[in-house]
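Residue-level listing of the chains:
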Amino acid sequence: MIDVMIKKISILFSFLFFSLSAIYAQNWDVITGSGDYIYGVGRGETEAEADRQALADLVSRIAMHVSNDFVLVEEEKTDNDSIDSKAFVRNCINTYSQSSLTNTEKWVLGKEPDVTVRRWIKRSELDKIYADRIAKAKDMLAIAVQAEEEKRVDIALQYYYWAYSLVRSTQRPDSVAFNGHKIVNWVPLQIDAVLSRINIVFERCEENNIDLRFTYKDEPVANLDFTYSDGRSECSGSAKDGWGMLEMAPGVEKNTYHVSVEYEYKGLARGDAEMKSVLDVVSKRSFPKAEVTVQAKKKNAPAQQPENNIVAKREDSVSTANASVVKLEAEKKIAPTQLVEDNAVYKDVYNKILDAIKTRKYTSVAAPDYFTLNGLDVYNKLISYGAGRIVGEGKPVFFKGCNDCVVVRGLQMSFSFDIGKRKKTFVEDVAFTFNKEAKCDNISFGLGTEAMHNILVKPTGWKEETREMILEFMENYKTAFCLKRIDYIESIFHDNATIIVGNEAKVTTVAPMNEGRVTDVGQKIIKYNRYTKNEYIEKLRRAFRAKEFVNIRFTENDIQWQENADGEIFSIQIAQDYCSSNYADKGYLFLLVDMTDHNAPQIKIRTWQPEKDPEFGLYGPGHFYNF
């Protein structure tokens with residue numbers, strides 16, 4: 001009896017299998033013959049190989065379908081228009097298949113080593129892939145407009161250009177508008193306007209180093225990337241708080257220097273597969289105003305006006321060092337009680353350390369009279385951080401620091417690194433911390449104008465020592481990554497810290513009722529990985545070993561005192577630009593820090609995400625409990 005039942009079940013399953021196969025065959029006939037779908041087929045020894053071929057076939061057919069309706073903007077047109085137009089359309093469609101080709105269905109047949117994959121999409125769904133990209137471009141334009149209003153030039157240029165490039169890769173770019181403006185016409189005008197307000201002027205030449213001042217609407221530029229030729233190869237630099245540096249090759253002497261202001265920011269698109277692929281496909285738009293010629297200044301003579309009329313006004317707030325400190329002090333936003341007036345003994349030691357750095361007689365102050373052991377350790381790391389030199393030395397400002405220390409701000413240094421045949425330069429604010437015995441106990445990199453303002457001025461009702469404590473902590477945090485102080489980083493993380501890092505991923509969902517068939521949603525998502533403290537520190541240790549240098553820039557931040565928690569608990573949300581010898585990205589950092597013990601702050605939660613999550617925005621204290 002049991003044998004009979006088994007036989008009947010086997011017959012039933014065989015019937016169902018052949019029925020499903022017949023249904024699939026009929027469905028495929030509809031897909032290939034109805035005209036309502038676009039499809040592609042691929043074969044290979046593995047499913048992955050067959051799938052790549054199927055997608056390539058699908059993309060080719062989509063390109064053929066939309067090529068007649070694809071409108072090219074002027075930058076994509078060439079003399080050989082018919083051939084190059086088809087290639088451009090195909091490449092544009094390829095950018096969708098890599099990251100955001102939505103509602104594409106997949107049917108797998110056979111088994112390895114002989115697998116067939118079928119891919120198809122409804123013709124009516126094609127418009128949606130363009131709609132998603134246009135929406136992304138408009139979000140970027142909103143960011144660019146806000147950044148321009150706030151004079152954050154680098155962000156404005158980046159997002160204007162990225163949005164412009166995204167729109168150029170859509171089917172009908174000339175029909176896409178933002179706030180009543182046709183994007184492909186309006187955005188280049190905005191980029192031109194921003195570039196025309198960037199002024200660059202020669203300050204001085206010291207050996208092979210050329211110091212330049214960068215302003216935007218006559219105010220120091222907070223951050224701006226640029227490239228230049230050192231006489232032998234192309235190099236890259238980064239201006240901060242109004243200062244930038246060119247390092248020329250030995251023996252190269254010039255009277256004029258050519259600086260190219262960065263606006264494409266292609267390197268920062270590594271974390272966004274869609275954006276990177278678009279920048280690879282669309283031709284780069286040239287903006288002549290990004291090319292700046294700076295005339296060298298003759299001795300004892302004012303700077304000559306460059307060819308393209310780009311000059312900077314010589315204002316006290318620009319010509320003095322550390323524009324962030326100077327600006328806050330000039331606006332009377334630093335309370336007098338935050339400053340140390342009786343600072344002669346600190347000033348004496350500070351000046352001797354500066355003389356050692358300027359003359360490169362570094363060991364002349366490497367003694368117990370000038371440094372604590374911790375201070376000497378950081379000093380040695382600082383003078384080993386690339387080729388460092390002082391570029392801005394104005395009036396130092398002496399702050400009352402934590403634990404009866406004195407923090408001196410007002411110095412700017414440039415740092416240069418060789419990366420193969422290229423150079424990379426950074427400018428950093430440098431702060432010195434002295435203990436009660438007037439010995440230097442620490443050296444740190446400043447946060448920049450905006451981040452510093454948001455800590456020293458923005459929060460209301462906070463004690464001045466609380467502001468200084470947070471500022472010093474963030475400066476030390478940044479510096480520890482730049483100088484690869486892994487022991488310090490390990491010491492500030494709580495043993496049970498929650499550490500989350502987000503990365504972009506592409507989701508694929510499986511339709512449970514259809515055997516062998518999945519729906520590739522193609523939706524970009526953020527995948528979050530959680531680490532223990534030991535895992536995170538070991539990950540950092542490996543990363544530091546693989547990098548010649550690390551540099552971090554902080555911009556806008558939001559800091560809250562968690563008054564409902566026991567002790568002095570602060571949440572810090574801050575935008576972070578990360579750059580190293582082999583990787584660069586932008587994202588958002590969230591730290592929950594216990595500062596109850598002022599001598600030993602502890603990070604209880606640390607998260608990083610490449611962009612605001614569409615569901616919950618940025619990580620914050622509300623996402624965690626029992627801290």
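That block above? That's the structure.
Quick caveat, the model's predicted, so the values are computed rather than measured.

Q: Please clarify how the overall build of the chain should be interpreted in this entry.
A: Within the chain one finds 15 helices and 25 strands. Out of the 627 residues in the chain, the part that is buried amounts to 51%. If you sum the accessible surface of the chain, you get close to 29,400 Å²; carbon and sulfur atoms cover 50% of it.

Q: So what exactly am I meant to see when it comes to unusual backbone geometry here?
A: Excluding glycine, residues mostly have negative phi values, and the peptide bonds linking residues are mostly trans. Look at the link from Glu112 to Pro113: it is a cis peptide, with omega at 15°. Positionally, Pro113 belongs in the loop between β2 (104–111) and β3 (114–122). We note that Asp218 has phi near 65°; this positive angle belongs to a residue other than glycine. By secondary structure assignment, the location of Asp218 is in the loop between β7 (209–216) and β8 (219–220). Backbone geometry at Tyr265 places phi at a positive 50°, although glycine is not the residue there. You can see Tyr265 is positioned in the loop between β12 (256–261) and α7 (273–281). With relative accessibility at 4%, the residue Tyr265 sits in the buried group.

Q: What is the right way to look at the packing of aromatic side chains in this model?
A: Each aromatic ring pair is described using two quantities: the centre-to-centre distance and the angle formed by the ring planes. Tallied over the full model, the rule gives 35 aromatic pairs. Three or more aromatic residues joined by ring pairs make a cluster, and in this case those are Tyr385, Phe415, Phe417, Phe426, Phe445 and Phe549. In this arrangement the basic side chain of Lys586 is found over the ring face of Tyr265, its NZ or CZ atom lying 5.6 Å from the centre.

Q: Just checking my understanding: could you explain the pairing of strand β10 (residues 234–240) for this structure?
A: Here β10 lies mainly inside the structure; six of its seven residues are buried. Here strand β9 (residues 223–229) folds back onto β10, and the loop between the two strands holds four residues, one of which, Gly231, carries a positive phi near 100°. As judged from the two bridges shared by β10 and strand β16 (residues 422–434), these two strands associate in the parallel manner. Bridging across to β16, Ser236 finds its partner in Lys424.

Q: Mind showing me how you'd approach helix α10 (residues 344–359) here?
A: Here α10 spans 22 Å end to end across 16 residues, near enough to the 22 Å set by a 1.5 Å rise per residue. By the burial criterion, the buried members of α10 are Tyr346, Val349, Tyr350, Ile353, Leu354, Ala356 and Ile357. Burial along α10 is one-sided: seen end-on, the buried residues are contained in an arc of 155°. Taken from the residues just after α10, Arg360 is the one with a positive phi, measuring 65°.

Q: Teacher, can you tell me more about empty space enclosed by the protein here?
A: Vacant regions in the atomic arrangement are exposed by a probe of water-molecule size rolled over the atoms. Scanning the model with the defined rule gives four cavities of 30 Å³ or more in all. By volume, the largest cavity is sized at about 120 Å³. In terms of lining residues, the largest cavity is bounded by 15 residues, among which Ala222, Asn223, Glu450, Phe554 and Thr555 are the most central. At the level of elements, α5 (153–168), α12 (449–456) and β22 (550–561) are the ones that each hand at least two residues to the lining of the largest cavity. Its residues assigned to classes, the lining of the largest cavity comprises five nonpolar, four polar and six charged.

Q: I would appreciate a short explanation of the environment of Asp272 in the present structure.
A: Inspection of the secondary structure assignment puts Asp272 in the loop between β12 and α7. With relative accessibility at 8%, the residue Asp272 sits in the buried group. Note: C-alpha distance between Asp272 and Pro610 (338 residues apart in sequence) is 8.8 Å.

Q: Mind showing me how you'd approach the side chain of Lys423 here?
A: Examined against the element boundaries, Lys423 turns out to sit in strand β16. With relative accessibility at 12%, the residue Lys423 sits in the buried group. Within the structure, Lys423 has its side chain in polar contact with the side chain of Asp230 (distance 2.5 Å). Excluding residues within four positions of it along the chain, Lys423 makes contact with Tyr228, Asp230, Glu234, Cys235, Ser236, Glu247, Ser416, Phe417 and Asp418.

Q: Explain the layout of surface pockets here, please?
A: The space that makes up the second largest pocket amounts to roughly 870 Å³. Taken together, 42 residues line the second largest pocket, and the ones lying closest to its centre are Ser236, Glu262, Gly267, Arg422 and Lys424. Of all the secondary structure elements, the ones that give two or more residues to the lining of the second largest pocket are β9, β10, β12, β16, β22, β23 (569–580) and β24 (584–594).

Q: How should I be thinking about the pattern of salt bridges in this particular structure?
A: Proximity of charged atoms lets side chains of opposite charge pair with each other. Considering all chains together, one arrives at 32 salt bridges under this definition. Glu203 serves as the salt-bridge partner of Arg213, at 2.0 Å between the closest nitrogen and oxygen. Here the residue Arg213 occupies a position in strand β7, and Glu203 occupies one in strand β6 (residues 198–206), the gap between them amounting to 10 residues. Glu203 carries the same exposure label as Arg213, and that label is buried. Each member of the salt-bridge network shares a partner with another, and the members are Glu47, Asp51, Lys106 and Arg119.

Q: Help me out: how do you make sense of the packing of α5 against α7 in this one?
A: Two numbers describe a pair of packed helices, the interaxial angle and the distance between the axes. Where α5 contacts α7, the two axes come as close as 9 Å, and the packing angle between them is 75°. If you check the angle between α5 and α7, you find them roughly perpendicular. Two secondary-structure elements touch here, α5 through Tyr161, Trp162, Ser165 and Leu166 and α7 through Glu274, Met275, Val278 and Leu279. Here the contact of α5 with α7 is built from residues that sort into six nonpolar, one polar and one charged.

About the thresholds
Residues numbered from 1 in each chain as written. Predicted model: local features only at pLDDT ≥ 70, side-chain atom pairs only at ≥ 80, totals over all residues. Heavy atoms only, no water. Helix = DSSP H or I, 4+ residues; strand = E, 2+ residues; numbered from the N terminus. Buried < 20%, exposed > 50% of the residue type's maximum accessible area, 1.4 Å probe, protein only. Areas by Shrake-Rupley, 256 points an atom, 1.4 Å probe, with all protein chains shown as cover. Phe/Tyr/Trp six-rings, centres within 6.5 Å; stacked < 30°, edge-to-face > 60°. Lys NZ or Arg CZ within 6 Å of the ring centre and 35° of its normal. Pairing = 2+ DSSP bridges. Expected span 1.5 Å × (residues − 1). Arc of directions from axis to C-beta. 1 Å grid on protein atoms, 1.4 Å probe; cavity = no way out; pocket = protein on both sides within 12 Å on 5 of 7 lines; lining within 4 Å. Points joined across faces, edges and corners; volume = space filled by probe spheres on them. Nonpolar A, V, L, I, M, F, W, Y, C, P; charged D, E, K, R; others polar. Polar contact = N/O pair within 3.5 Å; in protein donor to acceptor, adjacent residues only side chain to side chain. Contact = heavy atoms within 4.5 Å. Salt bridge = Lys/Arg side-chain N within 4 Å of Asp/Glu carboxyl O. Axes fitted to C-alpha atoms, helices over the stretch in contact; angles between N-to-C directions. Parallel < 35°, antiparallel > 145°, perpendicular 65-115°, else oblique.

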